[in-house]
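# Notes for the structure review
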Amino acid sequence: MADVSAYAAVLRGQARAQRSYRTNFAIDLVSSGVVGLVELAEVWILFHNVTVLGGLTFTQMILVFGLADLCYSIADLIVGHVDRLPRYIRAGTLDVFYLRPQPLLAQLIFSDISLRRITRLGVGLAAALYGLHANPIDWSPAHVALLVLTLASGIAITSALFVLAAGCQFWLVDGAELTNSFVYGGRYASTQPATVWPIGIKVVFGAIFPVAFISFVPAMTLLGRPVINSWIGWCAPLAALWIWAVALFMWRAGVRHYQGGGG
């Protein structure tokens, strides 16, 4: 309980600090929302020129985009700031975390909360709600359970990608471009229909970094158009377990590899 209270106190302090500069905070909120709207506009512009893409109509694509963007935005809000790890390694300030009697990863996750990303989350939520309303989904108890499972698994998968990228930084230090290719590249891929991916992308983002299970695969089951078989739409938790196993392995290996800042 004491550990939980300590983490909560840190988060409250970070939230107050971000809100104290109101003009900057407002600008951050607006800019974050604009980025989300621009990406949503890309989908609209694309379907303004074609009726069907990868077998999906505009309203079906909005559902895929909304679920993926919502999951990524929540994970980014909670875990996304672990990408500051290279900065801590270079400055030698990561060693300070080792002096505290809490797990290193937990300290990094609870060291901040990026409130400016709330508006981006709002864009994803609005798109997901529109997609759920506009598409003729049979809201059986099984489909309701699938939607809840999809959101939980999607957040877990995207959070694991952030942790995996952070674990790689113990070796790369300045390798953000490399890790962004599967973190933010995966974010973009998850908002697109996997049916149009070339075979190489399907292997990378369908099996190795299973972002297809964040939204597309379960969304197809919700829409009554399952990929291969309907049971595949329920495999998102397995994908989450797989990528978390990889992420934690990389994180633990990175922690063992780290020898200190040398200062």
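Structure shown above.
Attention here is on the structure that accompanies the text. Everything numeric here is computed off the predicted structure, so don't read it as measured data. (Residues numbered from 1 in each chain as written. Predicted model: local features only at pLDDT ≥ 70, side-chain atom pairs only at ≥ 80, totals over all residues. Heavy atoms only, no water.)

## Points about the side chain of Thr158
The topology assignment puts Thr158 in helix H8 (residues 141–172). The residues touching Thr158, leaving out its near neighbours within four places in the chain, are Cys71, Tyr72, Ala75 and Ile214. (Helix = DSSP H or I, 4+ residues; strand = E, 2+ residues; numbered from the N terminus. Contact = heavy atoms within 4.5 Å.)

## A closer look at a nonpolar patch on the surface
Residues Ile199, Val203, Val204 and Ile208 make up a contiguous nonpolar surface patch of about 340 Å² in total accessible area. Position of Ile208 among the secondary structure elements: in helix H10 (residues 199–208). Judged by its relative accessible area of 40%, Ile208 falls in the partly exposed class. (Patch = residues over 30% accessible without salt bridge, like charges linked within 9 Å, V, L, I, M, F, W, Y side chains within 5 Å. Areas by Shrake-Rupley, 256 points an atom, 1.4 Å probe, with all protein chains shown as cover. Salt bridge = Lys/Arg side-chain N within 4 Å of Asp/Glu carboxyl O. Buried < 20%, exposed > 50% of the residue type's maximum accessible area, 1.4 Å probe, protein only.)

## Concerning the nonpolar core
Of all hydrophobic cores here, the largest spans 66 residues; its most connected members are Leu94 and Trp251. Sorting elements by how many residues they give to this core places H8 first, with 12 residues. (Core = buried A, V, L, I, M, F, W, Y, C linked by side-chain atoms within 4.5 Å.)

## Concerning the environment of Gly167
One can find Gly167 in helix H8. Since its relative accessible area comes to 0%, Gly167 is described here as buried. Here the alpha-carbon distance between Gly167 and Phe249, two residues 82 residues apart in the chain, equals 8.5 Å. Discounting chain neighbours no more than four positions away, the residues touching Gly167 are Met250, Trp251 and Gly254.

## Quick look at the packing of helix H3 (residues 58–79) against H8
It is at 8 Å that the axes of H3 and H8 come closest, and there the two elements cross at 50°. The orientation of H3 relative to H8 falls into the category oblique. The interaxial crossing formed by H3 with H8 has right-handed handedness. Each of Leu67, Leu70, Cys71, Tyr72, Ile74, Ala75, Asp76 and Val79 in H3 lies in contact with H8, whose residues at this interface are Leu147, Thr150, Leu151, Gly154, Ile155, Thr158, Ser159, Leu161, Phe162 and Val163. (Axes fitted to C-alpha atoms, helices over the stretch in contact; angles between N-to-C directions. Parallel < 35°, antiparallel > 145°, perpendicular 65-115°, else oblique. Left-handed = near helix turned anticlockwise from the far one by under 90°.)

## Regarding the packing of aromatic side chains
A complete count under the given rule lists five aromatic pairs for this structure. Summarising the aromatic geometry, the rings of Phe182 and Phe209 are spaced 4.6 Å apart at their centres and angled 5° between planes, so their arrangement reads as stacked. With a gap of 27 residues between them, Phe182 in helix H9 (residues 176–190) and Phe209 in the loop between H10 and helix H11 (216–222) connect regions that are remote in the sequence. No difference in accessibility class separates Phe182 from Phe209, as the two residues are buried. Considering the side-chain rings of Trp197 and Phe205, the 6.4 Å spacing of their centres and the 65° angle between planes classify their relative orientation as edge-to-face. The same class applies to Trp197 as to Phe205, namely buried. (Phe/Tyr/Trp six-rings, centres within 6.5 Å; stacked < 30°, edge-to-face > 60°.)

## Digging into helix H12 (residues 236–257)
An ideal rise of 1.5 Å per residue puts 32 Å on 22 residues; H12 measures up with 31 Å between its terminal C-alpha atoms. Residues of H12 that are buried include every one of Ala236, Ala239, Ala240, Ile243, Ala247, Trp251, Ala253 and Gly254, and no others. Where H12 is buried, its residues meet helix H4 (85–91), helix H6 (104–109), H8 and H10. (Expected span 1.5 Å × (residues − 1).)

## Side note on the environment of Leu40
Residue position: Leu40 is located in helix H2 (residues 22–49). Residue Leu40 is classed as partly exposed on the basis of its relative accessible area, which comes to 22%. Put simply, Leu40 and Phe65 are 25 residues apart on the chain and 7.9 Å apart in space, counted from C-alpha to C-alpha. Setting aside anything within four residues of it in sequence, one finds Leu40 in contact with Ile62, Phe65, Val123 and Ala127.

## What to know about the pattern of salt bridges
One pass over the full model with this rule turns up four salt bridges. Note that Glu39 is salt-bridged to Arg120, the shortest N-O span being 2.7 Å. Of this pair, Glu39 sits in helix H2 while Arg120 sits in helix H7 (residues 118–134), and the two are 81 residues apart along the sequence. What makes Glu39 partly exposed here is its relative accessible area of 24%. A salt bridge links Asp69 to Arg120; the nearest nitrogen and oxygen atoms lie 3.3 Å apart. Remark: Arg120 occurs in helix H7 and Asp69 occurs in helix H3; sequence separation between them is 51 residues. Among the charged side chains, a salt-bridge network with shared partners connects Glu39, Asp69, Asp76, Arg120 and Arg187.

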